[in-house]
Amino acid sequence: MTEQARNALQWCGIRPGAEEVRDERAETAESRVAMRDAMTALMQHYRDIEPLQMRDLFARDPQRFDRFSVEAGDLLLDFSKNRITDETVSLLVQLAEAAGVPEMRLAMFRGDKINNTEQRAVLHTALRNRSGSPVLVDGQDVMSGVNREIARMGAFAERVRSGEWRGFSGKRITDVVNIGIGGSDLGPKMVCEALEPFIQPGLALHFISNVDGIATEEVLSALDPETTLFIVASKTFTTQETMTNAATAREWFLSRCGDESRIAKHFVAVSTNSEAVADFGIDVDNMFVFWDWVGGRFSLWSAIGLPIMIAIGEQHFSELLDGAHAMDCHFMAAPLEENMPVLLALLGVWYQNYFGAESHAVLPYDHHLRSLPAYLQQLDMESNGKSVDRDGQPVLTTTSPVLWGATGINGQHAFYQLLHQGSRLVPADFIATAETHSGLRHHHDIMMSNFFSQTEALMRGRTLAETEGAIAETGQDPADAGHRVNHMIFEGNRPTNTLLLRKMTPRNLGMLIALYEHKIFVQGVIWNLNSFDQWGVELGKQLARTILDEFDAQASPATHDASTNNLISRYRRMTGREDLAPGERH
Ligand code: F6P
């Protein structure tokens, strides 16, 4: 075993001993056969499981909850309301083994360049490595840099929070505006909302991501430049939306406060690109760095988490990292059949690849988690929304589901009809906390009663006899209800996972986020994807650059398809660039 592998195991509290730890994923004829066999076995098994009703499985087996639930820290995952038996779990675990999940997991943790299209290590786990063990990239331990940056962030955050860091006119900072998009926005925004009870009173956090000027103006118009701190967050520091918003914020500031020298007190940057930060006019002393081995959508644990650190303080940020680290250790150490991220991943594969489900819903019954679905959309769909595998070959199964969702109770009155009686199977994750931060305890109980009732209803459904019974209870004769009865039957057998957290704390949130990161990683391994690049976002960006130039060109463009040419032409006319469209082309 290599030194890196030993380190990775040690940092998760695993002592590499006599037991065999496979640390290489060898793509051999044998492994390909094992994968094919595992998939074939699951296909055969699917035919046995498909007709079974979960309500019967529950009726036959009073221990079903005990066998199909796992706990890690303050997180409980109940996956008993799935269309599975013991054999399903065992076959799915065989699939994970055949796909090389244990080997790839170790490869990620020890810093192999598993992002093979960009030749990069994938080490968001190192950002929350609390063990003191080194992590090597190209022979260099990255942990000193990681810890140095966390310490710099902590010191800066405490200066802002204590009022020591003041605006140019000596006033205390009251508003922090994060300007970033995608991974440089969604994670910090989601966490700041989730941990709102931990935010220092008197500090308001704002997030500007969209290049839509209305969104930018909306935030800026409510701010006092003398008490506002802008964090310009961009891994590349070239993202057009972020750079445009940052330039607008800078102009807004200068137009009100004059002097360029005052910028230093009001603009800091987070990036991997110091040159571009300096070019933008931000002093690199006011820059917080991270590294190319941190993917944008996995970056909230890095300096990208600066707004979180300012909002909740160094100690709570540290607890967030502790939670993620605890989930990392669980992911590394727990047997696959008891491993929360592995189980969630395998259940997803079960429904996407065998039942033909196309989407997956995330339904938090928690106002604090209202942005979790949006955050997970990027995490999941930008990672695994791919149809070419690691080796550049077409993928033969479906990959990332369309992930969607919204807070639970609101969803019940909007789209749950489709979950219960629609023609599509939509597996769903129900997420809630047992303890609430709200003083309105009875509100929480009402919400939680719905939380439990929905998964019960989705699983049980309501048979014809039960429906007729329900009609009879209202005093009506079911015979008079006619075909209405058919509309009131619930097929049931709709799978859900329930994630119950004891309380929304930084640590538990860290665990929850890391749980989903690893779930997505495992699915990527099973589908043999590189989950850490995102080439699919490039083409639209490139075309947009060309089109932007065409708005003010001499004539309407003729180089696109007829639809795009005409739309650009109409836009030019509607915005007064052109009186007559020369190119209403067909
Ligand atoms: O366009 C997609 C993307 O590259 C994401 O992967 C990333 O999180 C986002 O843009 C923002 O990138 P940056 O942090 O470099 O501005």
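Being a predicted model, the structure only gives us computed values, none of them experimental. (Residues numbered from 1 in each chain as written. Predicted model: local features only at pLDDT ≥ 70, side-chain atom pairs only at ≥ 80, totals over all residues. Heavy atoms only, no water.)

1. Regarding the overall build of the protein chain
At step 1: Helix and strand counts for the protein chain stand at 23 helices and 13 strands.
At step 2: Radius of gyration (C-alpha) of the protein chain: 26 Å, near the 25 Å computed for a compact globule of 586 residues.
At step 3: Along the first, second and third principal axes, the C-alpha atoms of the protein chain reach 80 × 70 × 55 Å.
At step 4: For the protein chain, with 586 residues in total, the buried portion stands at 53%. (Helix = DSSP H or I, 4+ residues; strand = E, 2+ residues; numbered from the N terminus. Rg over C-alpha atoms; globule rule 2.2 N^0.38 Å. Buried < 20%, exposed > 50% of the residue type's maximum accessible area, 1.4 Å probe, protein only.)

2. Observations concerning the site of the ligand
At step 1: Looking at the ligand, there are 13 residues lining it, with Ser 184, Ser 234, Thr 236, Thr 239 and Glu 382 nearest.
At step 2: For the ligand, an oxygen atom lies 2.6 Å from a polar atom in the side chain of Thr 236.
At step 3: Residue Thr 239 places a side-chain N or O atom 2.5 Å away from an oxygen atom belonging to the ligand.
At step 4: Look at the ligand: alone it shows 390 Å² of surface, and the protein chains cover 87% of it. (Near = heavy atom within 4 Å. Polar contact = N/O pair within 3.5 Å; in protein donor to acceptor, adjacent residues only side chain to side chain. Areas by Shrake-Rupley, 256 points an atom, 1.4 Å probe, with all protein chains shown as cover.)

3. Observations concerning the pattern of salt bridges
Pairing between side chains of opposite charge can happen when their charged atoms approach one another.
At step 1: Overall, the coordinates contain 30 salt bridges when judged by the stated rule.
At step 2: Sharing partners across several salt bridges, the network here consists of Asp 74, Glu 435, Arg 502 and Lys 503. (Salt bridge = Lys/Arg side-chain N within 4 Å of Asp/Glu carboxyl O.)

4. Let's talk about the pairing of strand S2 (residues 75–78)
At step 1: One ladder, built from four bridges, connects strand S1 (residues 69–72) with S2; its direction is antiparallel. Directly across from Val 70, in S2, lies its bridge partner Leu 77.
At step 2: Hairpin connection of S1 to S2: two residues between the antiparallel strands, including Gly 73 at a positive phi of 55 degrees.
At step 3: The pairing of S2 with strand S13 (residues 496–501) spans four bridges and is classified as antiparallel. What sits directly across from Leu 75, in S13, is Leu 501. (Pairing = 2+ DSSP bridges.)

5. A closer look at the sheet that holds strand S9 (residues 287–289)
At step 1: Within the open sheet, the five strands sit side by side as S6-S5-S7-S8-S9. Their pairing is parallel. The two strands at the open ends of the sheet, each matched to only one other strand, are strand S6 (204–208) and S9. Within the sheet, the average angular offset between the axes of one strand and its neighbour, ignoring direction, is 20 degrees.
At step 2: Inspection of the sheet shows strand S7 (residues 228–233) paired to strand S8 (residues 267–271) by four bridges, in the parallel sense. Among the inter-strand pairings, Phe 230 is bridged to a residue of S8, identified as Phe 267.
At step 3: Seen against the sheet, helix H10 (residues 213–221) touches strand S5 (175–179), S6 and S7 and runs at an angle of roughly 160 degrees to S6. (Axes fitted to C-alpha atoms, helices over the stretch in contact; angles between N-to-C directions. Contact = heavy atoms within 4.5 Å.)

6. Regarding the sheet that holds S13
At step 1: Here six strands make up an open sheet; going across it, the order is S1-S2-S13-S12-S10-S11 and the pairing mixed. Each edge of the open sheet is held by one strand with a lone partner, namely S1 and strand S11 (402–405). Each strand of the sheet is rotated relative to its neighbour by a mean of 15 degrees, with strand direction disregarded.
At step 2: Of the pairings in the sheet, the one linking strand S10 (residues 359–364) to S11 comprises four bridges and is parallel in character. Following the sheet pairing, Ala 361 is matched in S11 by Trp 404.

7. Section: the nonpolar core
Note on soluble globular proteins: their nonpolar side chains tend to be buried together.
At step 1: Counting 132 residues, the largest nonpolar core has Trp 293, Ile 310, Trp 350, Leu 509, Leu 512 and Ile 526 as the members making the most contacts within it.
At step 2: Ranked by residues supplied to this core, first place goes to helix H13 (residues 306–333) with 14 residues.
At step 3: Those residues in contact with Trp 350 that sit more than four places away from it in its chain are Leu 42, His 45, Tyr 46, Ile 49, Arg 83, Ile 84, Thr 88, Leu 92 and Phe 355.
At step 4: Counting residues in hydrophobic clusters, the runner-up holds 24 residues, among them Val 177, Ile 208, Ala 246 and Ala 276. (Core = buried A, V, L, I, M, F, W, Y, C linked by side-chain atoms within 4.5 Å.)

8. Topic: helix H21 (residues 506–526)
At step 1: Over its 21 residues, H21 runs 31 Å from end to end, which matches the ideal 30 Å to within 8%, given 1.5 Å per residue.
At step 2: Where burial is concerned, most of H21 is hidden: 20 out of the 21 residues are buried. (Expected span 1.5 Å × (residues − 1).)

9. Focus: the pairing of S13
At step 1: For S13, the tally of buried residues reaches five of six residues, placing the bulk of the element in the interior.
At step 2: Sheet analysis places strand S12 (residues 428–433) next to S13, joined by six bridges and oriented parallel. In the strand pairing of S13, Ala 428 is matched with Thr 496.

10. Details of unusual backbone geometry
Excluding glycine, residues mostly have negative phi values, and the peptide bonds linking residues are mostly trans.
At step 1: Notably, Asp 138 is not glycine yet its phi reads approximately 50 degrees, a positive angle.
At step 2: Take Asp 138: it is sitting in the loop between strand S3 (136–137) and strand S4 (140–141).
At step 3: Assessed through its relative accessible area of 61%, Asp 138 is described here as exposed.
At step 4: Positive phi outside glycine occurs at Asn 528, with the angle close to 55 degrees.
At step 5: Structurally, Asn 528 is set in the loop between H21 and helix H22 (538–551).

11. A few points about the side chain of Asn 353
At step 1: Along the chain, Asn 353 falls in helix H14 (residues 340–354).
At step 2: A distance of 2.9 Å separates a polar side-chain atom of Asn 353 from the backbone oxygen of Thr 398.
At step 3: Ignoring sequence-local partners within four residues, the contact set of Asn 353 consists of Thr 397, Thr 398 and Trp 527.

12. Considering the packing of aromatic side chains
At step 1: Under the counting rule described, the total for this entry stands at 26 aromatic pairs.
At step 2: Aromatic side chains Phe 237 and Phe 280 sit 6.1 Å apart centroid to centroid with 80 degrees between the ring planes, which places their arrangement in the edge-to-face category. Here Phe 237 is found in the loop between S7 and helix H11 (240–257), whereas its partner Phe 280 is found in helix H12 (residues 274–280), with 43 residues between them in sequence.
At step 3: Looking at Phe 280, the relative accessible area reads 15%, which means it is buried.
At step 4: The interplanar angle of 65 degrees and the centroid separation of 5.2 Å between the aromatic rings of Tyr 365 and Phe 451 together place this pair among those described as edge-to-face. Remark: Phe 451 occurs in helix H18 (residues 441–460) and Tyr 365 occurs in the loop between S10 and helix H15 (372–384); sequence separation between them is 86 residues.
At step 5: Counting every residue linked through ring pairs, the aromatic cluster contains Tyr 365, Trp 404, Phe 415, Tyr 416, Phe 430, Phe 451 and Phe 452.
At step 6: The ring of Trp 301 is capped by Arg 128, whose NZ or CZ atom sits 4.6 Å from the centre of that ring.
At step 7: Directly above the aromatic system of Trp 165 lies the positively charged group of Lys 265, at a separation of 4.6 Å from the ring centroid. (Phe/Tyr/Trp six-rings, centres within 6.5 Å; stacked < 30°, edge-to-face > 60°. Lys NZ or Arg CZ within 6 Å of the ring centre and 35° of its normal.)

13. Details of H18
At step 1: Between its first and last C-alpha, H18 extends 28 Å over 20 residues, near the 28 Å set by a 1.5 Å rise per residue.
At step 2: The inward-facing, buried residues of H18 abut helix H3 (54–60), helix H16 (408–412), helix H17 (416–421), S12 and S13.
At step 3: One or two residues past the end of H18 sits Gly 461, with phi positive at roughly 65 degrees.

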